[in-house]
Amino acid sequence: MQLVTADNLGYSINEKRLFHNLTFSLNSGSGLHIKGGNGSGKSTLLRIILGLTSPSKGGVEYCKPNLQVSYLGHKNAIKHYLTPMQNLELMFRSSALQNAMKWMNTLGLNKVQDELTANLSFGQQKKLALIRIFASQSDLIVLDEPFVGLDNASRDLLNEFLQKKLASDTSLILTSHIEPNILCSELVLSGETDD
Amino acid sequence: MINFFSLEAFKLRHKLRAWLGPLLIMILVLIAFPLSIDISQYDLNKFYFSVIVVSLLMISFLATESIFSEDYEDGSLEQIHLEEKDFYKITLAKILVHVLFIGIPMALIGSIFSFANGVSLAEAPKIFVILSISTLILFNVFAFGSALSINKGSMLGVVASLPLALPAIVLLGRGVRTVQYGQGFFEVSVLMAGVALIVTALMPIIISATLKTHLE
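For clarity, every value in this text was computed on a predicted model and none was experimentally measured.

## Points about the packing of aromatic side chains
Line of reasoning, step 1. Under the definition given, this model contains 6 aromatic pairs over all chains.
Line of reasoning, step 2. Here the aromatic rings of F61(B) and F142(B) are separated by 5.8 Å at their centres, their planes lie at 70°, and the arrangement is edge-to-face. Of this pair, F61(B) sits in helix α3 (residues 41-64) while F142(B) sits in helix α7 (residues 124-148), placing them 81 residues apart in sequence. Across this residue pair, the class does not change: F61(B) and F142(B) are buried.
Line of reasoning, step 3. Members of the aromatic cluster, each reached through a chain of ring pairs, are W103(A), F134(A) and F161(A).
Line of reasoning, step 4. Above the ring of Y72(B), the side-chain terminus of K75(A) is found at 4.9 Å from the ring centroid.

## Quick word on the nonpolar core
Line of reasoning, step 1. Grouped together as the largest cluster of nonpolar side chains are 92 residues, with contacts concentrated most on F19(A), I34(A), L45(A) and I207(B).
Line of reasoning, step 2. The leading source of residues in this core is α7(B), at 13 residues.
Line of reasoning, step 3. Aside from chain neighbours lying at most four places away, what touches F19(A) is L9(A), G10(A), Y11(A), S40(A), G41(A), L45(A), I48(A) and L189(A).
Line of reasoning, step 4. In this structure, L107(A), A129(A), L143(A) and L162(A) belong to the second largest nonpolar core, which totals 33 residues.

## Focus on the interface of chain B and chain A
Line of reasoning, step 1. Counting residues at the interface gives 19 residues for chain B, matched by 20 residues for chain A.
Line of reasoning, step 2. Taking both sides of the interface into account, the surface hidden between chain B and chain A amounts to around 1900 Å²; carbon and sulfur atoms contribute 51%.
Line of reasoning, step 3. On the chain B side of the interface with chain A, the three residues burying the most area are E78(B), Q79(B) and L82(B), jointly 29% of the side's total.
Line of reasoning, step 4. Where chain B packs against chain A, one counts 4 salt bridges.
Line of reasoning, step 5. Of the charged contacts, one joins K79(A) and E70(B) as a salt bridge, the two residues approaching to 2.8 Å between their closest N and O atoms.
Line of reasoning, step 6. Our count for the contact surface shared by chain B and chain A stands at 12 residue pairs in polar contact (both at pLDDT 80 or more).
Line of reasoning, step 7. If you list the elements that add at least two residues to the side of chain B that touches chain A, you get α1 (2-14), α4 (69-74) and α5 (76-84) of chain B.
Line of reasoning, step 8. Its residues placed into classes, the side of chain B that touches chain A shows 5 nonpolar, 6 polar and 8 charged.

## Re the packing of helix α2 (residues 84-91) of chain A against α1(B)
Line of reasoning, step 1. Interhelical geometry of α2(A) versus α1(B) gives an angle of 160° and a closest axis separation of 10 Å. The orientation of α2(A) with respect to α1(B), classified from their angle, is roughly antiparallel. Our pair here, α2(A) against α1(B), has a crossing hand that is left-handed. Here Q86(A), E89(A) and L90(A) of α2(A) lie close against α1(B), whose contacting residues are L7(B), F10(B), K11(B) and H14(B).
Line of reasoning, step 2. Its residues assigned to classes, the contact of α2(A) with α1(B) shows 3 nonpolar, 2 polar and 2 charged.

## Details of the packing of α1(B) against helix α6 (residues 88-116) of chain B
What describes two packed helices is the angle between their axes and the distance between those same axes.
Residue and element names in this part refer to chain B.
Line of reasoning, step 1. Between α1 and α6, the shortest axis-to-axis distance is 9 Å and the interhelical angle comes to 50°. As far as their axial angle goes, α6 and α1 are oblique. Every pair of crossing elements has a handedness; the one defined by α1 and α6 is right-handed. Of the residues in α6, those touching α1 at F4, F5, E8, A9, K11, L12 and R13 are K89, I90, A93, K94, L96, V97, H98, L100 and F101.
Line of reasoning, step 2. Taken together, the residues of the contact of α1 with α6 break down into 10 nonpolar, 1 polar and 5 charged.

Conventions we followed
- Residues numbered from 1 in each chain as written.
- Chains lettered and ligands numbered in written order.
- Predicted model: local features only at pLDDT ≥ 70, side-chain atom pairs only at ≥ 80, totals over all residues.
- Heavy atoms only, no water.
- Phe/Tyr/Trp six-rings, centres within 6.5 Å; stacked < 30°, edge-to-face > 60°.
- Helix = DSSP H or I, 4+ residues; strand = E, 2+ residues; numbered from the N terminus.
- Buried < 20%, exposed > 50% of the residue type's maximum accessible area, 1.4 Å probe, protein only.
- Lys NZ or Arg CZ within 6 Å of the ring centre and 35° of its normal.
- Core = buried A, V, L, I, M, F, W, Y, C linked by side-chain atoms within 4.5 Å.
- Contact = heavy atoms within 4.5 Å.
- Buried area = accessible area lost by both parts, 1.4 Å probe.
- Salt bridge = Lys/Arg side-chain N within 4 Å of Asp/Glu carboxyl O.
- Polar contact = N/O pair within 3.5 Å; in protein donor to acceptor, adjacent residues only side chain to side chain.
- Nonpolar A, V, L, I, M, F, W, Y, C, P; charged D, E, K, R; others polar.
- Axes fitted to C-alpha atoms, helices over the stretch in contact; angles between N-to-C directions.
- Parallel < 35°, antiparallel > 145°, perpendicular 65-115°, else oblique.
- Left-handed = near helix turned anticlockwise from the far one by under 90°.

Laid out in structure tokens, this is it:
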């Protein structure tokens, strides 16, 4: 079943074309790895797919109504003046919170659950942000450089989680300079060209 | 909506500096003014309201300066957009929580200080009412300014939203005069409440569109 289709997508900024005529579709349970150099428009493409940024040309269509999307971008969306536990309380309600707490234990954040998030390392903050993905029920997971800052064990855990999600019919779109250990198709953005 | 309200209250409660700072500055201004200039008690009773009104204006701006910037910078606005598709509810919740945590205490402080400077005990609740309504209007207006300048520093927001705040200050001045002269308080306070309701209903729509534009 098709979940997302992008038709003739184009995006220009300051008279530079980041990409143009991009057409692709994503089925349930399949993954898409968007590749490209710095500034090639990977994050912009993700934001266009999510509806956060409007494309200069073309459009993205969600084929399933009320599509549940989990997203983790460059920004972690966590509050530095709260503890990890309080951040989870902000993100999740009752039943999902229990699941999120289990993930906190799995990721080893239970040892620092009462410290201020500002005092955690970059990697620990990234793990905390990833719990938003781990503990959410969604049809589509969108990740922007999810492996950055993670140690090997956490990378393996994330890879394993994403594999399981793909197997359970959840779709995945991600950008990553670190090669993910999951089976997904690739889309390579070549970067900006003159308009 | 209640969910947003409780989440915003949870966040603001843990940001001590964000709500306690403006209140302490207001207290400081109201204490420092009579101490810093040589003024007779007679004159002080006449002019003290002006100080309350001006400090209310300043502190309202200060209290709403970073009302959206934190969520914008840490990516929370993106997450909210994915769930809600617009920012009306979150904006309304943020403004109401800020009024509850900062605006109402400011109005209370203002009415207590006006009582300490010559207003009778019977009139002090009236001052509290008009100051409370004024903070609701001012917080809406300055929240708009804050949304406008979310990624450009706050000065643009002040310049853009100050003209909108001035009518509220004029209304507040009228309200204060009705308390001083003992007539027309009900009419002016109802007018102020009406304006506050309209502003509170409309401003979140404008702010929501502004935030959405910034997010792109």
